[in-house]
Each structure stands twice: as structure tokens, then as C-alpha cells.
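Listed below are the residues making up each chain.
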Amino acid sequence: MTTTPDPAFAGRTYPAGPTHTVSAAKISEFARATGASSPLHTDPEAARAAGHADVVAPPTFLVSLAQATEAQYIEDPASGIDFARVVHGEESFTLHRPVVAGDSLVPTLTVESVRAAGGHSMIATRVDLVDDSGAEVAAVRSMIVVRGD
């Protein structure tokens, strides 16, 4: 395998991934692990009183789903990525609405750009998440750095 990511992957969108159902237990677990102390993340009654159907995920909750979806690209042998050289660069989240327990989310990965910078490769990805009706829920953008030789 080459250690240089193939720039031809820029613009590629992978097939939609499997549906992921968000659970209250996972939201609560993530909130505790990240120190998100709002009762909206752990108390269904507080979430309902605030107008939500169930507990609300912290904004960064989607990172694990996005990274699992990015594996389609990173593990693609044709991509030219050596995972041992991958370093996380940055992450940003655009939420179109709160993510709540019971949501069924379908992720789709797009490789936005692949460029060389200082002997390394900088890869921008976007994971778009829609609900089971097809409505936009969120987009997670990541910068993956693949260290050069």
C-alpha cells in the first residue's frame, strides 16, 4: 500500500451507511464521560419539560458515529491511507435540530478534499446525518491528517 492518499477520492460520496438508533443510555453515558451536566442529557422528564421527546444528546455526541462512518474511506484499500499514519486534525458540528433518544439516523460520507501540505496529506470529510424520514439532522466535518514519510 502506498502511504500517499489518492487525491482522486476528493468529491467521492460513499453509499449511505446503516441506520443507527440513538439510545438514552448512550446519551447519558456520553454526557457523563464528557462532563455535560445538563439534566436534558440524563433526565427524560426534564427533557420533556423543555419540549423534547426524550433526553437530548450533547452536540459532540455524533463524533463516534461520524468516525465509524469515515472508516468506509480510511479502510478502503484504494484510498492509499495507512491508518498507522492518521492523526485527527479537527472536528466541527452543524446541528439542524437536537439529537434525541429514539432518533434513527442514517449517515452518508463525502470526502470533500484531499490535499498535500508540508509533506503530509490533509483530508476533509463530511458525514451528513438524516432521520428515517430523510430530514437533515446534522453534518459532522473532520480534518484527517495523514503523516508523510
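The rules we used
- Residues numbered from 1 in each chain as written.
- Predicted model: local features only at pLDDT ≥ 70, side-chain atom pairs only at ≥ 80, totals over all residues.
- Heavy atoms only, no water.
- pLDDT = per-residue confidence, 0-100.
- Helix = DSSP H or I, 4+ residues; strand = E, 2+ residues; numbered from the N terminus.
- Pairing = 2+ DSSP bridges.
- Contact = heavy atoms within 4.5 Å.
- Axes fitted to C-alpha atoms, helices over the stretch in contact; angles between N-to-C directions.
- Buried < 20%, exposed > 50% of the residue type's maximum accessible area, 1.4 Å probe, protein only.
- Arc of directions from axis to C-beta.

## With respect to the confidence of the model for the protein chain
The predicted coordinates ought not to be read in detail in places where the model reports low pLDDT.
Then, number 1: With 98% of its residues at a pLDDT of 70 or more, the protein chain shows a mean pLDDT of 95.
Then, number 2: At the level of individual helices and strands, the protein chain shows its lowest average pLDDT in helix H3 (residues 63-74), which scores 94, and its highest in helix H2 (residues 44-49), which scores 98.

## Quick look at the sheet that holds strand E4 (residues 120-131)
Then, number 1: Ordered in space as E1-E3-E4-E5-E2, the five strands form an open sheet in which the pairing is antiparallel. Strand pairing shows two members of the sheet lacking a second neighbour, strand E1 (20-21) and strand E2 (86-95), which therefore form its edges.
Then, number 2: Packed on one face of the sheet, H3 meets E1, E2, strand E3 (104-117), E4 and strand E5 (136-146) and runs near 60° to E3.

## Here's the deal with the environment of Asp 6
Then, number 1: Summarising the element assignment, Asp 6 is placed in the segment before E1.
Then, number 2: On the basis of relative accessibility, which here comes to 29%, the residue Asp 6 falls in the partly exposed class.
Then, number 3: Sequence separation between Asp 6 and Ile 81 is 75 residues; the distance between their C-alpha atoms is 8.1 Å.
Then, number 4: Ignoring anything within four residues of it in the chain, the contact list for Asp 6 reads Ala 78, Ser 79 and Val 114.

## Quick word on helix H1 (residues 24-34)
Then, number 1: Listed as buried for H1 are Ile 27, Ser 28, Phe 30 and Ala 31. All buried residues of H1 lie within an arc of 165° about the axis, which places them on one face of the element. Among the exposed residues of H1, those pointing more than 90 degrees away from its buried face are Ala 25, Arg 32 and Ala 33.
Then, number 2: For H1, the secondary structure elements touched by its buried residues are H3.
Then, number 3: Positive backbone phi, at 75°, marks Gly 35, one or two positions downstream of H1.

## Quick word on the pairing of E5
Then, number 1: Of all eleven residues making up E5, nine are buried, and the element is well covered by its neighbours.
Then, number 2: Sheet topology note: the E2/E5 ladder contains nine bridges and is antiparallel. For Thr 94, the partnering residue across the bridge sits in E5 and is Ala 139.
Then, number 3: Where E4 meets E5, ten bridges bridge the pair, whose relative direction is antiparallel.

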